[in-house]
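What follows is each chain in one-letter form.
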Amino acid sequence: MSTSVTASGVCAIVGRPNVGKSTLLNAIIGEKVAITTRIPQTTRHAIRGILTREDVQIVFVDTPGVHKPKTLLGSRLNDIAQASLSGVDVAVLVVDGAKGIGTGDAFMAELVSGLGVPIIGVLNKVDRIGKDAQLPAIAALADLADFDEIVPVSARRGEQVEVLTDLIAARMPEGPALYPVEMVTDSEEAQRISEIVREKAMVVMREEVPHSIAVTVEEMGPGRSENVTAIFASIYVERDSQKGMVIGRQGAVLAQIGTDARPELEALLGTKVYLDLRVKISKEWQRDPKKLDKLGY
Ligand SMILES: Nc1nc2c(ncn2[C@@H]2O[C@H](COP(=O)(O)OP(=O)(O)OP(=O)(O)O)[C@@H](O)[C@H]2O)c(=O)[nH]1
Ligand SMILES: [Mg+2]
C-alpha cells in the first residue's frame with residue numbers, strides 16, 4: 001500500500017454491552033477483527049483495529065460493554081473499558097437505537113465527557129427503526145453529552161460507516177503511522193483463533209452458558225499433511241452440567257462448533273485447518289482471580 005500518512009491517533013469505541021461496538025469496528029476496518037454475538041458481554045479484551053488510508057492512520061480500540069458487574073470478570077471488563085479511554089484522541093459513544101437510550105448510556109456519556117477530547121455519538125441499528133423514530137432518538141442522545149457530531153448508522157449493513165470514519169479521521173492529530181500500514185489488528189494469531197472458536201461456541205449455547213465459556217489455544221503448528229495447520233484448543237466451562245451441553249449428544253454440539261469455526265480459521269491462516277477441541281471445567285472461573293489470570297482475562 002502506498003501511503004503518506006501525516007495524521008494518526010487513537011479512537012476508543014465505547015458503550016453499553018450489545019449496542020454493536022464490535023460490529024461497528026469490523027465495518028470500519030472492513031475485516032473481522034473482533035467477534036460479535038447477540039449475547040451481551042461478548043468482548044472481553046480491548047481489541048485494536050487499525051485503519052490506514054492515504055493520509056491518515058486511525059487505531060480504533062473496541063472495548064467491553066460497560067455494565068453493572070455481577071462477577072469478577074464483569075468488573076475486570078469494566079476496568080478494561082475505562083482504561084482504554086486514557087490517551088485517546090477521539091471517543092465514539094455507541095448507543096442502540098432500537099433499544100432506546102437509558103441510564104447506562106448516560107453513565108457512559110458522563111465518563112467520556114470527562115476526557116476532554118472530541119466525542120462522536122453513534123446511534124446504531126437504525127435499520128431497525130423507522131425514519132420518523134430517528135429524530136427523537138438523536139435528540140435523546142444529544143441530551144447526554146456535548147457531542148461534536150452525532151451519526152445514525154447501521155453497523156450491520158455498513159450504512160453511514162464511511163461518513164462516521166471521515167468525521168473521526170478529520171479529528172486525528174498530525175503524526176506518522178503508529179503501526180505498519182498493512183496491519184489490521186495487533187491481536188496475536190492465537191488470540192484471534194481462540195476468539196473465533198469462542199464466538200462459535202457462544203452462539204450455539206443457550207441461557208447462561210455463553211458467559212461461562214472461555215477458549216484457549218493449547219498448541220498449534222504444521223499439521224501432518226502439507227498446507228494444514230493443526231490447532232489444539234480447550235473450551236472451558238464452569239460446571240459439569242455445562243460440559244455435557246457443550247459436547248452434546250454423541251459430540252454433536254462440539255462438532256458443530258468445529259464446523260462453524262473452521263472456515264474462518266482457514267481464511268485467517270490461509271491454510272487448511274485440523275481443529276481438535278476439548279471441553280474442560282474450570283469451576284466458577286468468572287469469580288476466581290487466579291483462574292481469570294490463567295485464561296487471560
Ligand atoms: N439490526 C442490527 N443489529 C446490529 C447492528 N450492529 C450490531 N448488531 C447486532 O447486535 C448484536 C451485538 O453486536 P456486537 O457488535 O457484538 O455488540 P457489542 O457492543 O460489541 O457487545 P459487547 O462486546 O457485548 O459489549 C449482534 O447480534 C449484532 O449483529 C446494526 O446496525 N443493526
Ligand atoms: Mg463487542
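Since the model is a prediction, treat every value here as computed from it, not as a measurement. (Residues numbered from 1 in each chain as written. Chains lettered and ligands numbered in written order. Predicted model: local features only at pLDDT ≥ 70, side-chain atom pairs only at ≥ 80, totals over all residues. Heavy atoms only, no water.)

**As for the overall build of the protein chain**
Consideration 1: Per the secondary structure count, the protein chain includes nine helices and nine strands.
Consideration 2: By its C-alpha atoms, the protein chain is 55 × 45 × 40 Å across when sized along the principal axes.
Consideration 3: For the protein chain, the residues scored as buried account for 50% of the 297 residues in total.
Consideration 4: Counting only contacts in the protein chain whose residues sit at least 6 apart along the sequence, the fraction spanning at least 24 positions is 70%.
Consideration 5: In the protein chain, the 34 positive side-chain charges and the 39 negative ones have mean positions that sit 10 Å from each other. (Helix = DSSP H or I, 4+ residues; strand = E, 2+ residues; numbered from the N terminus. Buried < 20%, exposed > 50% of the residue type's maximum accessible area, 1.4 Å probe, protein only. Contact = heavy atoms within 4.5 Å. Lys, Arg positive; Asp, Glu negative; His and termini not counted. Charge placed at Lys NZ, Arg CZ, Asp CG, Glu CD.)

**So, the coordination of the magnesium ion (ligand 2)**
Consideration 1: Note on the magnesium ion (ligand 2): its protein donors are Ser22 (OG) and Thr43 (OG1). The metal-donor distances range over 2.0 to 2.1 Å. Highlighted residues: Ser22 in helix 1 (residues 21-29) and Thr43 in the loop between helix 1 and strand 2 (47-52), separated in sequence by 21 residues.
Consideration 2: You can call Ser22 buried: its relative accessible area is 7%.
Consideration 3: Since its relative accessible area comes to 8%, Thr43 is described here as buried. (Donors = N, O, S within 2.8 Å, 3.2 Å for Na, K, Ca; no water.)

**With respect to the nonpolar core**
Consideration 1: Within the largest apolar cluster, 29 residues are counted, with the highest numbers of intra-cluster contacts made by Leu24, Ile58, Phe60 and Ile168.
Consideration 2: Per element, the largest residue contribution to this core is five residues, and it comes from helix 5 (residues 161-169).
Consideration 3: Judged by nonpolar contacts, the second largest core, of 22 residues, contains Val197, Ile231, Ala261 and Leu269. (Core = buried A, V, L, I, M, F, W, Y, C linked by side-chain atoms within 4.5 Å.)

**Remarks on the domain arrangement of the protein chain**
Consideration 1: Each domain of the protein chain was delimited in the assignment, giving domain 1 (7-169) and domain 2 (189-295).
Consideration 2: The C-alpha-based centres of domain 1 and domain 2 are spaced at 27 Å.
Consideration 3: Taken together, the contacts link 19 residues of domain 1 with 23 residues of domain 2.
Consideration 4: Carbon and sulfur atoms supply 49% of the area that domain 1 and domain 2 bury against each other, a total of about 1,700 Å² over both sides.
Consideration 5: Between domain 1 and domain 2 we count four salt bridges in total.
Consideration 6: In terms of residues, the side of domain 1 that touches domain 2 owes the most to one element, helix 2 (residues 72-83), which gives three residues. (Domains from an automatic or database assignment. Buried area = accessible area lost by both parts, 1.4 Å probe. Salt bridge = Lys/Arg side-chain N within 4 Å of Asp/Glu carboxyl O.)

**Observations concerning the UniProt feature "domain: KH type-2" (unreviewed entry) in the protein chain**
Consideration 1: UniProt marks residues 205-283 with the feature "domain: KH type-2" (unreviewed entry), using the numbering shown here.
Consideration 2: As a span, residues 205-283 carries 33% helix and 37% strand, and end to end its C-alpha atoms are 18 Å apart. (UniProt positions renumbered as here; feature names shortened; annotations may be inferred.)

**So, the site of ligand 1**
Consideration 1: Of all residues adjacent to ligand 1, which total 23 residues, the nearest are Lys21, Thr23, Gln41, Thr42 and Asp127.
Consideration 2: Here an oxygen atom of ligand 1 and a side-chain polar atom of Thr23 are 2.6 Å apart.
Consideration 3: Between ligand 1 and Thr43 there is a distance of 2.8 Å, counted from an oxygen atom to a side-chain nitrogen or oxygen.
Consideration 4: When atoms are counted within 2 Å of each cavity's grid points, the one that captures over half of ligand 1 is the largest pocket.
Consideration 5: Here the element with the most residues in the shell around ligand 1 is helix 1; it accounts for three residues.
Consideration 6: Across the shell around ligand 1, the residue classes tally to five nonpolar, twelve polar and six charged. (Near = heavy atom within 4 Å. Polar contact = N/O pair within 3.5 Å; in protein donor to acceptor, adjacent residues only side chain to side chain. 1 Å grid on protein atoms, 1.4 Å probe; cavity = no way out; pocket = protein on both sides within 12 Å on 5 of 7 lines; lining within 4 Å. Sits in = over half its atoms within 2 Å of the grid points. Nonpolar A, V, L, I, M, F, W, Y, C, P; charged D, E, K, R; others polar.)

**With respect to helix 8 (residues 252-269)**
Consideration 1: Between the first and last C-alpha of helix 8 there are 25 Å, a value that for 18 residues agrees with the 26 Å anticipated at 1.5 Å per step.
Consideration 2: Bending of helix 8 peaks at approximately 35 degrees at the position of Arg262, with proline Pro263 no more than four residues after it.
Consideration 3: Three or more residues of helix 8 are buried, namely Leu254, Ile257, Gly258, Ala261, Leu265 and Leu269.
Consideration 4: Contact partners of the buried residues in helix 8: helix 6 (189-204), strand 7 (214-222), strand 8 (228-237), helix 7 (240-247) and strand 9 (272-281).
Consideration 5: The first or second residue beyond helix 8 is Gly270, which carries a positive phi of 70 degrees. (Expected span 1.5 Å × (residues − 1). Bend = angle between axes of the 7 residues up to and from the residue.)

**Considering the pairing of strand 7**
Consideration 1: When strand 7 meets strand 8, the two strands line up antiparallel, connected through eight bridges. Paired with Pro222 across the two strands is Thr229, which belongs to strand 8. (Pairing = 2+ DSSP bridges.)

**What about the packing of helix 1 against helix 5?**
Consideration 1: Interaxial distance between helix 1 and helix 5 falls to 10 Å at its minimum, and their mutual angle equals 85 degrees. With respect to their mutual orientation, helix 1 and helix 5 come out roughly perpendicular. When helix 1 is examined against helix 5, the residues Leu24, Ala27 and Ile28 are found in contact with a partner set consisting of Val161, Leu164 and Thr165. (Axes fitted to C-alpha atoms, helices over the stretch in contact; angles between N-to-C directions. Parallel < 35°, antiparallel > 145°, perpendicular 65-115°, else oblique.)

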